[in-house]
Amino acid sequence: MAEIFHGFELLLLKKFDKHPEQWRDLKQKLSNKSNDDLQESYSYVDLLMLGNIPQSMWFLSVALHNRPKYLLQLILQDLERERTGNVRRPGETLLKTYMNTYNFTEFHLDSIFKYGEDNTLPKEIFKCPNVKLLSLKYNCLDKIPVDIGRMKNLRFLALTNNKLQVQSIPYSLTFCRKLKTIMLDNNLLDALPGFLLKMPAIRTVHRHGNHNYFKSTFMWYHTDVGYRIIPSEGAHIDSERNPKPLQFWAAKTVIGMKIDFFEDPNFSVILQDYLSEIYHLFKVCHYCSGASFRYQPGYKVITFKNPYLGNTCVPFQHWACSIKCAVALEVPARQEQIAAATRLDDLYEEYIEECQTMFSDVQARHSALCGCICTSPPPTIRSPPTTTNHSNRICVVS
Ligand SMILES: [Zn+2]
């Protein structure tokens, strides 16, 4: 059975980690009870004796309603540590302890942040290896942390109704090699990230309601192919140009090589954390094994896939560090797109011929039997061909 971690739990533990005095307060109210009393006070009524809970702490009320055992267990653990003098180490947050105590497999974290609030997602949530489902709908997110790549068992990722652009989704998502479904509806995408095409398990991408997407698709698809390689000038950020230690340059190489450093045993936990911390400074070339600084110039490359009967096209946006890499991405993708369209035309042609033959056969048989030309029941015909059978294995739900 799925073990679910809820948004109210995240908000509560985040609050207590930020305001330890409130956590101390809560513990204080319970510390005069004996251990046995606490074990037995797993009921909501007992916990209400804590006093009035202010509205701003609504998540405490919800946690007491829905997860009293989990919360009390955490309090008991902490009281026990205090008694034995086993104090919390720096960086060992309540959230981390909570995550390590339970084997959560689903994170339901929808609508936990309001517009304008600090919507930083704590790193701890990405360090749970058994999570299969992560839902972050309606959170005004404008970026996804690099640490998403730590979730090796992730099958389903919902990012619906956020403020994500193509560059908001880090390349490290490709480390989630079991990811099957990604929901990107109602964001600010003008194309899908090109690296989705390299992810082996992806079967469904929801992309409905990305306004820029349709505008840009139309523009790129109907203009000269030359416009599908778009130079990006970069920016001037001097602070990034200070001398850096050798470890920094080694990390840049690792990032460019697209090594899954979260999984590779050659990388210590400290190195993994370091790589995750500096990852956002770079853009990974989708063609060669190079990472360039975000402020450096490069190229956006738009390619298309035709997943449904040729009646819609799906744009993907890639990043290339040089014009050479950009051309190496664009030309074969365009050839593949044309070949897929031609294959689809051929299949459709065959399908129409098959239908016509079938209808004329039925018609002929029927006329022979009753001697008139009247309406006969339609024969059973197979479904029209789709490209999902051959060139494009990704089903995009628009
Ligand atoms: Zn390159």
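Treat the numbers as computed from the prediction; the structure is a model and nothing was measured.

1. Here we look at the overall build of the chain
Here comes step 1: For the chain, the helix and strand inventory stands at 11 helices and 13 strands.
Here comes step 2: The buried share among the 398 residues of the chain stands at 30%.
Here comes step 3: Of the contacts formed within the chain by residues at least 6 apart in sequence, a portion of 66% connects residues at least 24 apart.

2. Description of the confidence of the model for the chain
Here comes step 1: In this model, the chain carries an average pLDDT of 84, and 80% of its residues clear a pLDDT of 70 or more.
Here comes step 2: This stretch, residues 387-393, has a pLDDT under 50; its non-local contacts, to residues over four places away or in other chains, come to 15 contacts.

3. Remarks on the environment of Q296
Here comes step 1: For Q296, the position within the fold is in the loop between strand 10 (291-293) and strand 11 (298-308).
Here comes step 2: By the C-beta count within 10 Å, which is 16 here, Q296 ends up partly exposed.
Here comes step 3: Residues Q296 and K283 lie 13 residues apart in sequence; the distance between their C-alpha atoms is 9.0 Å.

4. Notes on the packing of helix 1 (residues 7-18) against helix 5 (residues 58-66)
Here comes step 1: Two numbers describe how helix 1 lies on helix 5: the axes approach to 9 Å, and their chain directions differ by 125 degrees. Here helix 5 runs oblique to helix 1, going by the angle between their axes. In this structure, helix 1 crosses over helix 5, and the sense of that crossing is left-handed. Judged by residue contacts, F8, E9, L11 and L12 of helix 1 engage F59, L60, V62 and A63 from helix 5.

5. Brief notes about the environment of F156
Here comes step 1: Relative to the helices and strands, F156 resides in strand 4 (residues 156-158).
Here comes step 2: What makes F156 partly exposed here is the crowd of 17 C-beta atoms within 10 Å.
Here comes step 3: Separated by 21 residues in the primary sequence, F156 and S135 have C-alpha atoms spaced 8.0 Å apart.
Here comes step 4: Not counting chain neighbours up to four residues away, the residues in contact with F156 comprise K132, L133, K180 and T181.

6. Observations regarding helix 7 (residues 94-101)
Here comes step 1: Inspection of helix 7 places L94, Y98 and M99 among the buried residues, and these make up the whole buried set. Buried residues in helix 7, looked at end-on, bunch into an arc of 135 degrees, giving them a common side.

7. With respect to the packing of helix 1 against helix 7
Here comes step 1: Axis separation between helix 1 and helix 7 bottoms out at 8 Å; the angle between their running directions is 140 degrees. One element, helix 1, and the other, helix 7, form an angle in the oblique class. Counted together, L13, K14, F16 and D17 of helix 1 and L94, L95 and Y98 of helix 7 form the full contact between these two elements.
Here comes step 2: Partitioning the contact of helix 1 with helix 7 into residue classes produces five nonpolar, no polar and two charged.

8. Looking at unusual backbone geometry
Here comes step 1: Unlike most non-glycine residues, C140 shows phi in positive territory, near 55 degrees.
Here comes step 2: Its place among the elements puts C140 in the loop between strand 3 (133-135) and strand 4.
Here comes step 3: Given 14 C-beta atoms within 10 Å, C140 falls into the partly exposed group.

9. Quick look at the environment of A2
Here comes step 1: Among the secondary structure elements, A2 is positioned in the segment before strand 1 (4-6).
Here comes step 2: On the basis of neighbour count, A2 is assigned to the exposed category, with 9 C-beta atoms found within 10 Å.
Here comes step 3: Linking A2 and N103, residues 101 residues apart in sequence, is a C-alpha distance of 9.4 Å.

Procedures and definitions
- Residues numbered from 1 in each chain as written.
- Predicted model: local features only at pLDDT ≥ 70, side-chain atom pairs only at ≥ 80, totals over all residues.
- Helix = DSSP H or I, 4+ residues; strand = E, 2+ residues; numbered from the N terminus.
- Buried ≥ 20, exposed ≤ 12 C-beta atoms within 10 Å, placed from the backbone.
- Contact = placed C-beta atoms within 7 Å.
- pLDDT = per-residue confidence, 0-100.
- Axes fitted to C-alpha atoms, helices over the stretch in contact; angles between N-to-C directions.
- Parallel < 35°, antiparallel > 145°, perpendicular 65-115°, else oblique.
- Left-handed = near helix turned anticlockwise from the far one by under 90°.
- Arc of directions from axis to C-beta.
- Nonpolar A, V, L, I, M, F, W, Y, C, P; charged D, E, K, R; others polar.

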